[in-house]
Amino acid sequence: MTEQLAQDKVPQPSDRAVRRRLTVEIWIVLGLSLGRSAVYAVVNIVDRLTAGPPLADQSTTLNPTLSPRPWLDLTYQVLSIAFALVPVALALYLLSANGRSAVRRIGLDLSRPLRDLGIGVGLAALIGLPGLGLYAAARAMGFAVQVQASALDAYWWTVPMLILLALKNALLEEVIVVGYLMERLRDLRWRPAMIVAASALLRGAYHLYQGWGALVGNAVMGLVFAEYYRRRRRVMPLVIAHTVMDTTVFVGYSLLPAHIRDSLHLS
């Protein structure tokens, strides 16, 4: 009874204090994840633009080999995926602070598997095919670097690993940049248009290391994904769409003969 009375006397935080805490929380989560990636991408594009060779003559690798020894490479790849998903776990944990399930709050559950799958595949086709065209156009105009989708050596685990890497990217980006960020900005009472724009710009920013075409293309993708989430409040179709797109690119690229990979510029 005395403890309950003591708790009742504790003053509730002001709205300003709550907003300040949420703002700091957002910066921490982004600083541990894709906000940090965005900062590095900005520095990287400055490096590329001042390095000497034209942007079109430079290249980047999305999924590099982490060790020349197969079993160590596999170990490093698994560890990289596991630790990359820690910010996702943190974001979900923070969204569940009021006792509500975070996965249900942002629609990351399996309550509508067939519908989510259909929407996800549709979004992948809607975004993926024009995205490849935009990349090709940006390469032709010198606004994008050559992107090597995979540099993993051919082992029994290569294709499963590329699929896991695609799923990791999807969970990291869609949970944090869409689900978490949009929910928190909504808690801060941002206007819907500003929330959608912030999510899209962040997505474009951390892809800037690939060139200006990637900035534009991913920002457009971000607008579509963020607007879908704003209307439907479900992130699962976005995770599916992102996984399908990355898997198609990663696995498709890795299965091409080496001489064809060398002659093509795929993202």
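Before reading further, recall that the structure is shown in the block above.
Below is a summary of the structure that appears in this document. Sequence order as written defines residue numbering, which begins from 1 separately in each chain. Local features in this predicted model are restricted to residues whose pLDDT is 70 or higher, and side-chain atom pairs enter the listing and the counts only when it is 80 or higher, whereas totals over whole chains, interfaces and linings include all residues. Heavy atoms from the whole structure form the basis of all side-chain values; hydrogens and water molecules are not counted.

**So, the overall build of the protein**
Filter applied, for reference: Strands here mean DSSP runs of E at least two residues long; helices mean DSSP runs of H or I at least four residues long; both are numbered from the N terminus. We compute the radius of gyration over the C-alpha atoms and compare it with the globule rule, which gives 2.2 Å times the number of residues raised to the power 0.38. Using a 1.4 Å probe on the protein chains alone, a residue whose accessible area is under 20% of its type maximum counts as buried, one over 50% counts as exposed, and one in between counts as partly exposed. By definition, residues are in contact when any of their heavy atoms lie within 4.5 Å. Accessible surface is estimated by sampling points in the Shrake-Rupley manner with a 1.4 Å probe; for residues, cover comes only from the protein chains shown. When charges are counted, neither His nor the chain ends are considered; positive counts come from Lys and Arg and negative counts from Asp and Glu. A single reference atom marks each charge: NZ on Lys, CZ on Arg, CG on Asp, CD on Glu.
The helix and strand inventory of the protein stands at 12 helices and 2 strands. The order of α-helices and β-strands along the protein, N terminus first, is α-α-α-β-α-α-α-α-β-α-α-α-α-α. Relative to its length of 267 residues, the protein is compact, with a C-alpha radius of gyration of 20 Å against a globular reference of 18 Å. In terms of its C-alpha atoms, the protein occupies a principal-axis envelope of roughly 75 × 40 × 35 Å. Counting all 267 residues of the protein, 42% fall into the buried class. Taking the intrachain contacts of the protein between residues at least 6 apart in sequence as the baseline, contacts between residues at least 24 apart amount to 77%. When the accessible surface of the protein is totalled, it reaches about 14500 Å², and 66% of it is carbon and sulfur. If the 26 positive side-chain charges of the protein are averaged to one point and the 17 negative ones to another, these points end up 7 Å apart.

**Comments concerning the environment of T61**
Selection criterion: By the criterion applied in these results, polar contacts are pairs of N or O atoms within 3.5 Å in which, for protein atoms, one can donate a hydrogen and the other can accept it, and in which residues neighboring in sequence qualify only through two side-chain atoms.
In this fold, T61 is placed in strand β1 (residues 59–61). Take T61: its relative accessible area is 31%, and that puts it in the partly exposed class. The contacts of T61, once residues within four sequence positions are left out, are Q148 and A151. Only 3.3 Å separates the side chain of T61 from the side chain of Q148, close enough to count as a polar contact.

**Let's talk about unusual backbone geometry**
You will see that R189, though not glycine, has its phi angle at about 65 degrees, which is positive. With a phi angle near 55 degrees, R233 is a residue other than glycine that sits in the positive phi range. Following the sequence through the fold, R233 ends up in the loop between α10 (212–232) and α11 (236–255). Judged by its relative accessible area of 24%, R233 falls in the partly exposed class.

**Thoughts on the pattern of salt bridges**
What counts here: Counted as salt bridges are all cases of a side-chain nitrogen of Lys or Arg within 4 Å of a carboxyl oxygen of Asp or Glu.
Under the counting rule described, the total for this entry stands at 13 salt bridges. The closest approach of N and O atoms between E25 and R184, which form a salt bridge, is 2.6 Å. Taken together, the residues span a long stretch of sequence, with E25 in helix α2 (residues 15–31) and R184 in helix α8 (residues 158–187) at a distance of 159 residues. Overall, the relative accessible area of 12% leaves E25 in the buried class. When the shortest N-O distance is used, the salt bridge between E227 and R231 registers 2.7 Å.

**Focus: α8**
Put simply, the rule is: What a helix is expected to span follows from its residue count: subtract one and scale by 1.5 Å.
End to end, α8 covers 42 Å across 30 residues, agreeing with the expected 44 Å (1.5 Å per residue, within 8%). The buried fraction of α8 amounts to 22 of the 30 residues, a majority that puts the element mostly inside the structure. R189, located one to two residues past α8, shows a positive phi value of around 65 degrees.

**Digging into the environment of I106**
Secondary-structure assignment places I106 in the loop between α6 (102–105) and α7 (113–141). Accessibility expressed as a relative area gives 0% for I106, which makes it buried. Separated by 77 residues in the primary sequence, I106 and E183 have C-alpha atoms spaced 8.0 Å apart. Beyond its immediate sequence surroundings of up to four residues, I106 is in contact with L92, L95, V175, G179, E183, Y229, R233, R234 and V235.

**Quick word on the side chain of E183**
If you trace the backbone, E183 turns up in helix α8. Here E183 falls in the buried class, since its relative accessible area comes to 1%. Apart from the residues lying within four places of it in its own chain, the contact partners of E183 are L95, R105, I106, V178, Y229 and R233.

**A look at the nonpolar core**
Threshold: The term nonpolar core refers to a set of buried residues drawn from Ala, Val, Leu, Ile, Met, Phe, Trp, Tyr and Cys, joined through side-chain atoms within 4.5 Å.
Counting 45 residues, the largest nonpolar core has I106, L108, F225 and L238 as the members making the most contacts within it. For this core, the elements supplying multiple residues, two or more each, are α2, α3 (34–50), α5 (86–95), α7, α8, α9 (192–205), α10 and α11. Per-element accounting of this core gives the leading share, 10 residues, to α8. With residues up to four places along the chain from it excluded, the contact list for L238 reads L123, E174, V178, F225, Y228 and Y229. Within the second largest apolar cluster, 11 residues are counted, among which are L152, W157, L165 and F250.

Spatial relationships are all this shows, so hold off on functional conclusions.
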